[in-house]
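# Structure at a glance
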Amino acid sequence: MTLSSVVQAITTYGPISRASVAKMTGLSKQTVSEVVLTLEKDGWVQTVGRTEGNVGRRAVVYEIVPEAALVASVDLGGTKVRVALCDLTGKVTAEMVEPTTQSGGEAVVDQIGRLILETATAHNIDQDKIRVAVVGVPGVPEAETGHVKMAPNIAGIDTINFPALLNERLGVEVLVENDVNLAALGEHWMTHQGDKDDLVYLSIGTGIGAGVVIGGKLVRGASGAAGEVGFLPFGADPFEEESKTTGALERVSATQAITSHYFELTGTAKNVPDVFEAALAGDQDAKQVLESVASYIARAVAAIASVIDPACVIIGGSIGA
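This one's a predicted model, so the numbers in the text were calculated from it and none came from an experiment.

We now examine the nonpolar core. Counting 30 residues, the largest nonpolar core has Leu76, Leu85, Ile112, Ile116, Val135 and Phe162 as the members making the most contacts within it. Within the residue set of this core, elements represented by two or more residues are β4 (70–76), β5 (80–86), α4 (106–122), β7 (130–137), α5 (162–170) and β10 (173–178). The biggest single contributor to this core is α4, with six residues. Apart from residues no more than four positions distant in its own chain, Leu76 is found in contact with Val81, Thr100, Val108, Ile112, Val135, Gly136, Val137, Pro138, Ile154, Ile157, Phe162 and Asp179. Core analysis: the second largest hydrophobic core is formed by 27 residues, Val212, Val229, Tyr262 and Val275 among them.

Going through the model one piece at a time under the given rule, you end up with zero aromatic pairs. For Arg299, the ring lying beneath its charged end belongs to Phe234, and the centroid distance is 5.2 Å.

Inspection of the secondary structure assignment puts Thr259 in helix α8 (residues 255–266). Since its relative accessible area comes to 19%, Thr259 is described here as buried. Residues in contact with Thr259, not counting those within four places in the same chain, are Lys270, Asn271 and Val272.

Turning our eyes to something else, we now look at the pattern of salt bridges. Tallied over the full model, the rule gives nine salt bridges. Two residues, Arg82 and Glu95, come together in a salt bridge whose shortest N-O distance is 3.7 Å. Here Arg82 is found in strand β5, whereas its partner Glu95 is found in strand β6 (residues 92–99), with 13 residues between them in sequence. Exposure remark for Glu95: the relative accessible area of 43% places this residue in the partly exposed category.

Before going further, it helps to examine the packing of helix α9 (residues 272–280) against helix α10 (residues 284–308). Between α9 and α10, whose axes approach to 7 Å, the crossing angle comes to 115°. Relative to α10, the crossing made by α9 is left-handed. From α9, Val275, Phe276, Ala278 and Ala279 reach across to α10, where they touch Ala286, Lys287 and Leu290. Each residue belonging to the contact of α9 with α10 can be placed in one class, and the counts come to six nonpolar, no polar and one charged.

Reading the values: rules and limits
Residues numbered from 1 in each chain as written. Predicted model: local features only at pLDDT ≥ 70, side-chain atom pairs only at ≥ 80, totals over all residues. Heavy atoms only, no water. Core = buried A, V, L, I, M, F, W, Y, C linked by side-chain atoms within 4.5 Å. Buried < 20%, exposed > 50% of the residue type's maximum accessible area, 1.4 Å probe, protein only. Helix = DSSP H or I, 4+ residues; strand = E, 2+ residues; numbered from the N terminus. Contact = heavy atoms within 4.5 Å. Phe/Tyr/Trp six-rings, centres within 6.5 Å; stacked < 30°, edge-to-face > 60°. Lys NZ or Arg CZ within 6 Å of the ring centre and 35° of its normal. Salt bridge = Lys/Arg side-chain N within 4 Å of Asp/Glu carboxyl O. Axes fitted to C-alpha atoms, helices over the stretch in contact; angles between N-to-C directions. Left-handed = near helix turned anticlockwise from the far one by under 90°. Nonpolar A, V, L, I, M, F, W, Y, C, P; charged D, E, K, R; others polar.

If you want it as structure tokens, here you go:
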């Protein structure tokens, strides 16, 4: 915990002196000095000069060494899986994307493991630099079992210990989190390092879900399912059997809703990007489809705002963007 606090302070606020790190973390100057010296010896931090304008001896300042290690960041979706190798400042150094295997279960684990290693190889990156993998999943990770619940778009993922199998495949620590929660944390970090401490990130794509940050902290809920707004009881009949797995709101606001509604109106099959293009070109049926989806999303935003009262609602995801 001490090491993590020091690294986080240097990463976030560097270049920074040891005295300033001690002040921010609440650790003693002696403890911080010992940790920083160890980090410097191991190649994780480096000196970048001294403080300016102080009376007396100027303090040495440190910053993180970005290339000391890499994080494999994985966005697992129902239609595609994207891998980005990021340095310690969050900069993307390499990425690849391909369609998500529809075989489900362990085949998804194998695909992610292979794609991470292929991304490193394709960009001449030493695989040993990858120290941890973070996977955003379209479901609710269960801490006790490792199962990913409520993920109807990824077949069979709820029947395996997903993080344990991926850890075995890669040989590095694997962290699994709901994809929208990760996006909410990222948006919070990007808004001037937390200028807006109460925000909601609403993602609309293959499914619909929300990541909730209140007081600067991610809200998970008692069972980890906070933000599963796809189950809000409007749009479709929430008592129908299908609504138990996909959710009433998701049935009328995500990918399947757009493609199926357009087909019902026209008898023509179009994917979501093509429906958007058709609407821009003046297709009245496409406009009707998107206006219907937008009205349901607006209702979802209103419901969220009435309960949480966030400073902002950020809309993203492949459709939301």
